[in-house]
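Take a look at the letters that make up each chain.
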Amino acid sequence: MRIAIASDHAGLEMKNFIGDVLKEKKIEVLDLGTNDTASVDYPHFADKVAKAVLDNNADLGVLVCGTGIGISIRANRHKGIRAALLYSDETAEMVKKHNNANIIVFGGRTMTKVDVAKRIDIFLNTEFEGGRHQKRIDLLDM
Ligand code: RB5
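Residues numbered from 1 in each chain as written. Predicted model: local features only at pLDDT ≥ 70, side-chain atom pairs only at ≥ 80, totals over all residues. Heavy atoms only, no water.

K.L.:
Help me out: how do you make sense of the overall build of the protein in this one?
P.N.:
When you go through the protein residue by residue, the secondary structure sums to six helices and five strands. The order of helices and strands in the protein, counted from the N terminus, is β-α-β-α-β-α-β-α-β-α-α. For 142 residues, the compact-globule formula gives about 14 Å, and the C-alpha radius of gyration of the protein, at 14 Å, lands near that figure. Taken along its principal axes, the extent of the C-alpha atoms in the protein is 45 × 30 × 25 Å. As displayed, the protein has an accessible area near 7400 Å², and 48% of this comes from carbon and sulfur atoms. Averaging the positions of the 20 positive and the 20 negative side-chain charges in the protein gives two centres separated by 3 Å. (Helix = DSSP H or I, 4+ residues; strand = E, 2+ residues; numbered from the N terminus. Rg over C-alpha atoms; globule rule 2.2 N^0.38 Å. Areas by Shrake-Rupley, 256 points an atom, 1.4 Å probe, with all protein chains shown as cover. Lys, Arg positive; Asp, Glu negative; His and termini not counted. Charge placed at Lys NZ, Arg CZ, Asp CG, Glu CD.)

Below, the structure written as structure tokens:
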């Protein structure tokens, strides 16, 4: 499995932490930046990860900004992208089961590393239920 990750400056530390967490799980990580603390604009990083997922260069994307909100909004403007903010453990489970999210999003300034690592585990260890949920997902892009 290959996962594309990116963040703005506000999500940099969390993004790097997530990269380490994924590598520990022997997952290939495609780090699309940012790579330092200079202020950058989060829509560009949402675009990079959305493109990697849509082009099948990654099986899943991870995005981080300060709250996870702005970068989610941008990612979801790409047809075919289902970016979900994992704001709770229950959400981490449900966005796989029901939404089959192809980008998961975290808030670098609003979440702890312990919670983020736990939610990544939950998401990766949950299966999409398909069925009626696939029909609803198909409706998202019509
Ligand atoms: C950057 O200061 C901040 O606005 C951004 O990381 C994000 O939280 C926007 O939604």
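K.L.:
Where do I start with the sheet that holds strand β1 (residues 2-7) in this structure?
P.N.:
What links the strands of a sheet is backbone hydrogen bonding, and the strands pair in either a parallel or an antiparallel sense. Read across the sheet, five strands follow the order β2-β1-β3-β5-β4 without closing on themselves; strand pairing throughout is parallel. The two strands at the open ends of the sheet, each matched to only one other strand, are β2 (28-31) and β4 (83-85). The average undirected angle you get between the axes of adjacent strands in this sheet is 25°. Here three bridges tie β4 to strand β5 (residues 103-107), and the two strands are oriented parallel to one another. Bridging across to β5, Ala83 finds its partner in Ile103. Its contacts with the sheet place helix α1 (residues 12-24) against β1, β2, β3 (60-65) and β5, and it is angled at close to 165° to β1. (Pairing = 2+ DSSP bridges. Axes fitted to C-alpha atoms, helices over the stretch in contact; angles between N-to-C directions. Contact = heavy atoms within 4.5 Å.)

K.L.:
Help me understand the site of the ligand in this model?
P.N.:
Around the ligand, the structure places Asp8, His9, Ala10, Tyr42, Cys65, Gly66, Thr67, Gly70 and Arg109. Between Gly66 and the ligand, the recorded distance is 2.7 Å, taken from a backbone N or O atom to an oxygen atom. Between the ligand and Thr67 there is a distance of 3.0 Å, counted from an oxygen atom to a backbone nitrogen or oxygen. When its residues are assigned to classes, the shell around the ligand shows three nonpolar, four polar and two charged. (Near = heavy atom within 4 Å. Polar contact = N/O pair within 3.5 Å; in protein donor to acceptor, adjacent residues only side chain to side chain. Nonpolar A, V, L, I, M, F, W, Y, C, P; charged D, E, K, R; others polar.)

K.L.:
I tried to follow the environment of Ala46 on my own but got confused; where do I start?
P.N.:
Here Ala46 shows up in helix α2 (residues 42-54). Take Ala46: its relative accessible area is 0%, and that puts it in the buried class. Separated by 85 residues in sequence, Ala46 and Gly131 place their C-alpha atoms 29 Å apart. With near-sequence residues (within four places) excluded, Ala46 lies in contact with Leu63, Ile71, Arg74 and Ala75. (Buried < 20%, exposed > 50% of the residue type's maximum accessible area, 1.4 Å probe, protein only.)

K.L.:
What am I meant to see in α2 here?
P.N.:
An α-helix turns once per 3.6 residues; consequently, residues spaced three or four apart project the same way. Look at α2: 18 Å from first C-alpha to last across 13 residues, which is about the 18 Å you get at 1.5 Å a residue. Within the sequence span of α2, burial applies to Phe45, Ala46, Val49, Ala50, Ala52 and Val53. The buried residues of α2 occupy an angular sector of 160° when projected down its axis, which confines them to one face. For α2, the secondary structure elements touched by its buried residues are β1, β2, β3, α3 (69-75) and β5. Downstream of α2 by a residue or two, Asn56 has a phi angle that is positive, lying close to 60°. (Expected span 1.5 Å × (residues − 1). Arc of directions from axis to C-beta.)

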